[in-house]
Amino acid sequence: MTLRGLPGLILLAAIVLLAVPSAVGYYTDWLWFQELGYGGIFLRRLNTQGLVFAITFFAVFGFLYFNFRIARRMLGRPLIVGRSPDGRPITVEGRQLGNLAMPVSTVLALSMAITGAASWMEWLAFFNAVPFDTRDPIFGRDVAFYVFRLPILQLIRQQLAFASVLALIGCGAYYALSGSFRIEPRYGVAFWPRLRLVPAARRHLSLLGAMVFALMAWGTWLDMPQTLLTSATSTVGFGASYTDVHARLPFLWAAFAVLCAGTLLALWAGVGTRGWPVVLAIGLYFVVSTVGGVYGAFLQRVVVSPSEQLKEEPYIRHNIEATRKAYALDRVEERELTGDAELTPEAVARNAGTIENVRLWDHQPLLQTFAQIQEIRTYYDFWAVDNDRYTINGKYRQVMLSARELNPESLQNPSWVNERLTYTHGYGLTLGPVNQVTTEGLPVLFIRDLPPVSTVDLKIDEPSIYFGELTSGYVLVRTKQPEFHYPQGDDNETTYYEGTGGVPVASLWRRLLFAIRFGSTDILLTPQITEESRILLYRQIGDRVRRLAPFLTFDSDPYPVVSEGRIFWIQDAYTATGSYPYSTPVQRTEGPINYIRNSVKIVIDAFNGNVAFYLAEPTDPLALTLANIFPGIFRPLSDMPAGLRSHVRYPEDIFRIQSQVYTTYHMTNPVVFYNKEDQWQVPSLDSERNTAQMQPYYTIMRLPGESENEFIQMLPFTPRLKSNLSAWMVARSDGEHYGRLLVFQFPKQKIVYGPQQMIGRINQDQVIAPQITLWNQQGSQVIWGTLLVIPIEESLIYVRPLYLRSNEGRIPELKRVIVAYQNRIVMAETLKQAMTQIFGPGISAALSPDRMSSSATSVVITEPADVEREKAGEPDMTLAELAVEADMHLQRALEAQRAGDWARYGEEIKRVEELLAKMKTMKK
């Protein structure tokens, strides 16, 4: 082999090293898409990318090479590029420079083609757009123009302008090197010579210049609708303002006319002998642009600012209407509350379902507790705790659950066999009620342990989790190697995968492909693979759905669901855009958006990995456009199995966005909006010396005016820079009410305590504050739970759990529950006890026990027989629970005695006597 052939071999090797892994990645992804039944998505994307790439490449290459080839004809004589040390000229043949046209055109065309292919989704949306049937108030165009058409028109203009400028620069360089530019003395003006071009060069460059002017004119025309997507001059809203409409748009039209004239002047310069027309066109453009900017600033300062409210009122109205529609806030149902309703024991009893589903366990303390008592082995992890609702033993209950996933990074011996063949899946989950606690302060568990033990009528027949939130990396299943199933005493239970997921990998060809893809020779050489073996890819559910549907935006909190004895994941997905005219944007990780819908529900089977997309918003133009692009991808929501449909919930991210926007855009009067007279805010809470905004939370409650308990998400509002409560917002999730937003408003003339005020009162309470200080000094750490606002009919109570964690241990225990109503604040061991202290013993019979006489791993369940005894008026509390409550009331009596509050002392002693009498009756 000679050295001459070495560069070619190096180039060939580089191409192979780059192209082969890429081709293997595409092919194995194609196998994966086919396995899931979504091969059409893969092909549509690949074909569109290839088509856009090819059209862009050949168009740009042809345009550039054609122009360069014309210009290089002028390169005839050798060019002097320098001189050697001995003074001899160094020349370059013109033909050598001319040969650069091909590679330069190729490289530039490749870079622009790659950029164009990245916009494959925008191209598909352009040709499959569904109208919004809503027109903008300035130009009268359908919103679909801004969302689907304008981005592609801008892309085409940018690429054409870039190619034209490149051609102009390249051809100009060729003509300069060829000597086509001639400098001649100007008669009578020696210091200002004249620059002349040979006729052929002048015509060519003038034509390219005319193209640049025409594309600038097109860009200016596209800048006009773009004013509805910015807030360049407005200080009170988003979109085109008074100055935009009366100054910026007229001068954009003027600039458009000047650029069109510049196109004609450039063409005229090509057939004439003078270059002043082009200079005149450029000068006029800069004059119009400068004058337009000055006039706009003058109009804003002199005309708009002195009477801004009056001038901007129509445009504020446009902004309000567009924003409310873009975020679906025009569907919000507003209801008024009196603000002075008294909460009676009878009202509490009527709303027992609300009280019994108050969430006493916060996500983080509960996650830490699950990790200590239910992970079982070091290689298991609970990644997150989720809220949901189930009908358990005939009762509609809110629960908190967490899947037990396998974390390969925690394996003691992370060999390839262990990571890829043996430890392949997580196992089961932990599930318990949100409102019950054991006598040790630990959560009550309905489903626990390995294998899963259920003490209720909710069973898990297939607890294996091959696809989850934490699960990552590929695994091989149905091999000769037994898979670890779950630990059992000193031994381990093993299994073999019997699901339908995975890509067959038995053939040598496929093993080679996946070995190249993952850079692992073990896949190719292992003797464990059989004819039935399969490889599971993209097992992390977030990665899985993003690979399948990169055109959707995803909620940050997928959650597990137990249905028909199996574990599924539900992932919410959004259709969103930042191109809705006049709508105010909000910032997200993916970028600013100003339109969003929760259009898609995705169900992922934790065992098989099957993915199903359900259309939850059948009127959304973005979702319908996607349905046109990918026929059959979305199923109707009515096709979702009933067991899963009953667990669909309104997602957190969109509710957080809508509530954030609603704090301002509940004001529909432009005058009130301009003055921000009724601006709201999400309350900020002080938690362990940190100030953070209150987060939306799920609960089960009976809404004012409704007859049934339902699963909702809610968030309170306070006036801006104030702490009293203004309103609370609710997103409904059950049945036909799914997706409906309600806002309950208090009268502005009434003062209703807000969350921050209530926290301040709790921190200053003469009983609570010393107790907190004492606990913090006794080798324990007090952890404050989330303050919950619990509406009951037209009144409010506040509930805040309190946890203790010893300095030596890591298990938070629920020790107290604080309840506040109006001017009364009570801290008790259970929510039921606290409610009884505030509203009297009459409500005790209506509320189920919330403290269980059990250990950390046992559960007490209310069976139907217990329900019958309650209906018959028999005691609903155990002897131990009565003793605890009596002791609590005795302590309250002693505190009242020390404070000299004899009325309260008498009430507490009377309550102690009632409980003692009840205990004597139970002993008999």
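Residues numbered from 1 in each chain as written. Predicted model: local features only at pLDDT ≥ 70, side-chain atom pairs only at ≥ 80, totals over all residues. Heavy atoms only, no water.

Novice: For this particular structure, what's the right way to read unusual backbone geometry?
Specialist: A negative phi holds for most residues other than glycine; trans holds for most peptide bonds. For the bond from Leu450 to Pro451, the omega torsion is -10°, close enough to zero to count as cis. With respect to the element layout, Pro451 can be found in the loop between strand S12 (447-448) and strand S13 (453-454). In this model, Arg478 sits at a positive phi of 60°, which is unusual for a non-glycine residue. Even without being a glycine, Tyr538 presents a positive backbone phi close to 45°. (Helix = DSSP H or I, 4+ residues; strand = E, 2+ residues; numbered from the N terminus.)

Novice: Where do I start with the sheet that holds strand S18 (residues 503-504) in this structure?
Specialist: Each strand in a sheet pairs with another by means of backbone hydrogen bonds, the pair being arranged parallel or else antiparallel. With antiparallel pairing, the 3 strands of this open sheet are ordered in space as S15-S19-S18. Two strands close off the open sheet at either side, each with one partner strand: strand S15 (475-477) and S18. With 3 bridges connecting them, S15 and strand S19 (residues 534-536) associate as antiparallel partners. The residue bridging Val475 from the neighbouring strand is Leu536, located in S19. (Pairing = 2+ DSSP bridges.)

Novice: Teacher, can you tell me more about the pairing of strand S21 (residues 559-563) here?
Specialist: Along a regular strand, successive side chains alternate from one face of the sheet to the other. Most of S21 sits inside the fold, with 5 of its 5 residues counted as buried. Residue alternation in S21 divides its side chains into two sets, Tyr559, Val561 and Ser563 and Pro560 and Val562, and both sets are buried. Where S21 and strand S22 (residues 566-577) come together, 5 bridges link them in antiparallel fashion. Within S22, the position partnered with Val562 by the bridge is Ile567. A loop of 2 residues connects S21 with S22, the two strands running antiparallel in sequence, and Glu564 in this loop sits at a positive phi of about 55°. (Buried < 20%, exposed > 50% of the residue type's maximum accessible area, 1.4 Å probe, protein only.)

Novice: Any chance you could explain the pattern of salt bridges here in plain terms?
Specialist: Note that side chains of opposite charge can pair when their charged atoms are close. All chains considered together, the criterion is met by 29 salt bridges. The salt bridge involving Asp605 is made with Arg566; its shortest N-O contact spans 3.0 Å. Separated by 39 residues along the polypeptide, Asp605 in strand S25 (residues 595-605) and Arg566 in strand S22 bring together distant segments of the chain. The partner of Asp678 in a salt bridge is Lys748, with the nearest N and O atoms 3.5 Å apart. Within this pair, whereas Asp678 is found in the loop between helix H21 (670-675) and strand S28 (680-681), its partner Lys748 is found in the loop between strand S34 (741-745) and helix H22 (755-764), the two being separated by 70 residues in sequence. The buried category is assigned to Asp678, whose relative accessible area is 17%. Since its relative accessible area comes to 63%, Lys748 is described here as exposed. Taken together, the shared-partner salt bridges in this structure form one network comprising Glu333, Arg335, Glu706, Glu710, Arg732 and Arg740. (Salt bridge = Lys/Arg side-chain N within 4 Å of Asp/Glu carboxyl O.)

Novice: In this structure, what is going on with a nonpolar patch on the surface? I would like to understand it.
Specialist: Residues Val20, Tyr27, Trp509, Leu512 and Ile516 make up a contiguous nonpolar surface patch of roughly 440 Å² in combined accessible area. For the nonpolar patch, the elements supplying multiple residues, two or more each, are helix H1 (6-36) and helix H15 (508-518). Per-element accounting of the nonpolar patch gives the leading share, 3 residues, to H15. Positionally, Ile516 belongs in helix H15. (Patch = residues over 30% accessible without salt bridge, like charges linked within 9 Å, V, L, I, M, F, W, Y side chains within 5 Å. Areas by Shrake-Rupley, 256 points an atom, 1.4 Å probe, with all protein chains shown as cover.)

Novice: I tried to follow the side chain of Asp605 on my own but got confused; where do I start?
Specialist: Since its relative accessible area comes to 7%, Asp605 is described here as buried. Looking at Asp605, its side chain comes within polar contact range of the main-chain nitrogen of Phe607, at 2.7 Å. Residues in contact with Asp605, not counting those within four places in the same chain, are Phe467, Arg566, Ile567, Phe568 and Asn610. (Polar contact = N/O pair within 3.5 Å; in protein donor to acceptor, adjacent residues only side chain to side chain. Contact = heavy atoms within 4.5 Å.)

Novice: Please clarify how the nonpolar core should be interpreted in this entry.
Specialist: One broad trend across soluble globular proteins is that nonpolar side chains are buried collectively. Counting residues in hydrophobic clusters, the biggest one holds 206 residues, and the most contacted among them are Leu431, Phe551, Phe613, Trp728, Ile797 and Met835. Broken down by element, the residue count for this core peaks at 8 residues, all from helix H6 (residues 143-177). Setting aside its immediate chain neighbours within four residues, Ile797 contacts Leu343, Ile355, Leu788, Val789, Ile790, Ile792, Ala820, Tyr821, Met835 and Phe839. Ranked by size, the runner-up nonpolar core spans 21 residues in total, among them Ala163, Ala167, Tyr174 and Ala201. (Core = buried A, V, L, I, M, F, W, Y, C linked by side-chain atoms within 4.5 Å.)

Novice: Would you mind showing me how to read the pairing of strand S35 (residues 780-784) here?
Specialist: Among the 5 residues of S35, 4 are classified as buried, and the element is accordingly described as predominantly covered. When S35 meets strand S37 (residues 795-806), the two strands line up antiparallel, connected through 5 bridges. Opposite Gln781, over in S37, you have Arg805 as the bridge partner.

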